[in-house]
Amino acid sequence: MSPVTDESRKSLWERIVALTITVGEWVLAPVERFIGRRSLVGDATFFALERFPWVEHIEQSAGVIREEVERLLDDRDALPNFQDISKDQIEITDDDRWKTFFLYGYGFTAKLGVEMCPRTAALMQEIPGMTTAMISILSPGKHILDHRGPYKGVLRYHLGLIVPADAESCRIRVGDEIRHWQEGKSMIFDDTFNHEVWNDTDETRVVLFVDVMRPLPFPESLINWLIVKAIGISPFVLDAKRNQQAWERRFAERRSDARHVEAGAL
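Treat the numbers as computed from the prediction; the structure is a model and nothing was measured.

1. A look at the side chain of D190
(1) Moving on: With respect to the helices, strands and loops of the structure, D190 is situated in the loop between β8 (186-189) and β9 (195-199).
(2) Moving on: By relative accessible area, D190 is classed as buried at 0%.
(3) Moving on: A distance of 2.7 Å separates the side chain of D190 from the side chain of K152, its partner in a polar contact.
(4) Moving on: Here the side chain of D190 touches T192 through a polar contact of 2.6 Å, side chain to side chain.
(5) Moving on: Apart from the residues within four sequence positions on either side, D190 is in contact with D43, A44, T45, F47, K152, L155, V174 and R214.

2. Topic: the nonpolar core
Burial of nonpolar side chains together is a common tendency in soluble globular proteins.
(1) Moving on: The biggest cluster of nonpolar side chains holds 59 residues, and the ones touching the most others in it are W54, I58, M124, I135, Y157, L208 and V210.
(2) Moving on: Counting residues in hydrophobic clusters, the runner-up holds 11 residues, among them L28, Y106, Y151 and V237.

3. Considerations on the packing of aromatic side chains
(1) Moving on: All chains considered together, the criterion is met by seven aromatic pairs.
(2) Moving on: Ring geometry for F52 and W54: centres 6.3 Å apart, planes at 70 degrees, overall edge-to-face. For the pair formed by F52 and W54, the shared burial category is buried.
(3) Moving on: Consider the rings of W54 and Y157, whose centres lie 5.0 Å apart with planes at 75 degrees: the pair is edge-to-face. Here W54, found in helix α2 (residues 54-60), pairs with Y157, found in strand β5 (residues 154-162); they are 103 residues apart in sequence, far enough to count as distant. No difference in accessibility class separates W54 from Y157, as the two residues are buried.
(4) Moving on: Pairwise contacts between aromatic rings join F52, W54 and Y157 into one cluster.
(5) Moving on: Above the ring of F46, the side-chain terminus of R179 is found at 4.2 Å from the ring centroid.
(6) Moving on: In this structure, R205 is placed above the aromatic ring of W181, and the distance from its NZ or CZ to the ring centre is 4.7 Å.

4. A look at unusual backbone geometry
Glycine aside, residues mostly have negative phi angles, and peptide bonds mostly take the trans form.
(1) Moving on: A cis amide bond links F218 to the next residue, P219, at an omega of 10 degrees.
(2) Moving on: Tracing the chain through its elements places P219 in the loop between β10 (205-213) and α7 (220-232).
(3) Moving on: Positive phi is not limited to glycine here, since Y106 has a value of about 50 degrees.

5. Quick look at the side chain of S139
(1) Moving on: Within the secondary structure, S139 is located in the loop between β3 (130-138) and β4 (143-147).
(2) Moving on: Once residues lying within four places of it in the same chain are set aside, the contact partners of S139 are R76, D96, R97, N199 and E203.

6. Quick word on the pattern of salt bridges
(1) Moving on: Per the counting criterion, the structure on display carries 19 salt bridges.
(2) Moving on: For R173, the salt bridge goes to E196, with nearest N and O atoms at 2.9 Å. Of this pair, R173 sits in strand β6 (residues 170-174) while E196 sits in strand β9, placing them 23 residues apart in sequence.
(3) Moving on: Of the residues examined, E196 reaches a relative accessible area of 14% and is grouped as buried.
(4) Moving on: Among the salt bridges present, the one from R214 reaches D190, with a minimum N-O distance of 2.7 Å. Taken together, the positions of R214 in the loop between β10 and α7 and D190 in the loop between β8 and β9 put the pair 24 residues apart, joining distant regions of the chain. Taken as a pair, R214 and D190 share a single burial class, namely buried.

7. What about the pairing of β8?
(1) Moving on: What you see with β8 is no split at all: S186 and I188 on one side and M187 and F189 on the other are buried throughout.
(2) Moving on: Summarising the sheet, β5 and β8 pair through four bridges and their orientation is antiparallel. Within the sheet, the bridge partner assigned to Y157 lies in β8 and is I188.

8. With respect to the sheet that holds β6
(1) Moving on: One open sheet holds the four strands; their spatial order is β4-β9-β6-β7, and the pairing between them is antiparallel. Unpaired on one side and paired on the other, β4 and β7 (177-180) mark the two borders of the sheet. Shown here is a sheet whose adjacent strand axes are inclined to one another by a mean of 15 degrees, direction ignored.
(2) Moving on: Note that β6 and β7 share four bridges and pair antiparallel. Bridging across to β7, R173 finds its partner in I178.

Calculation criteria
- Residues numbered from 1 in each chain as written.
- Predicted model: local features only at pLDDT ≥ 70, side-chain atom pairs only at ≥ 80, totals over all residues.
- Heavy atoms only, no water.
- Helix = DSSP H or I, 4+ residues; strand = E, 2+ residues; numbered from the N terminus.
- Buried < 20%, exposed > 50% of the residue type's maximum accessible area, 1.4 Å probe, protein only.
- Polar contact = N/O pair within 3.5 Å; in protein donor to acceptor, adjacent residues only side chain to side chain.
- Contact = heavy atoms within 4.5 Å.
- Core = buried A, V, L, I, M, F, W, Y, C linked by side-chain atoms within 4.5 Å.
- Phe/Tyr/Trp six-rings, centres within 6.5 Å; stacked < 30°, edge-to-face > 60°.
- Lys NZ or Arg CZ within 6 Å of the ring centre and 35° of its normal.
- Salt bridge = Lys/Arg side-chain N within 4 Å of Asp/Glu carboxyl O.
- Pairing = 2+ DSSP bridges.
- Axes fitted to C-alpha atoms, helices over the stretch in contact; angles between N-to-C directions.

Set out below in structure tokens:
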């Protein structure tokens, strides 16, 4: 019998994650059609912000969030690429021009994220139905390929934090509709419509990226909550959690080494 190596274990785990994604898409397809029909905010690409009362408070706190984010950008190269955390993203991005910094993800708390952005993390806890929260950093010239999100039971929220001066050249297409970010302003959309992003400028674009539970009547809201909980313990999310924790260990070691070098220079 041949020995089980770390590489073979890794391959097995990757196959399990890939299978989970495929089966999940097949199982959730009819559920998503039902959720779209029962949605209390309709089934559209973008949504009126007035339907989400919490948005105003988050926009009023945009300066607080941006202040913490600007400190992250001082060491941007050390931040993880999105595909380093969520491996399935390799299909739409394979370079180092889309950086992410997680705070929360489907019940998982990114310890380092909360530690480095405590005020932002606290604000995220005030958003009803928040499932995922992170900072999304798009480098100049970056194009995120056409794709769709994993599940219609959540909606995606963006708050513009740092937007290029030529905002018209930095855009997102959801379905057939194109929008542009504005600093301190929000947008909410259904990411299960195919969408695509371009930053055709020479400046960096930074947004707060949050997924929230889609408003549904009871008992559909309970069913949706159970599905989201199941997603949170799926191999797909557990893999992202392991990748995030591995990056946090590397980042902490890097900071520790830097402090030792600095202390030795004194």
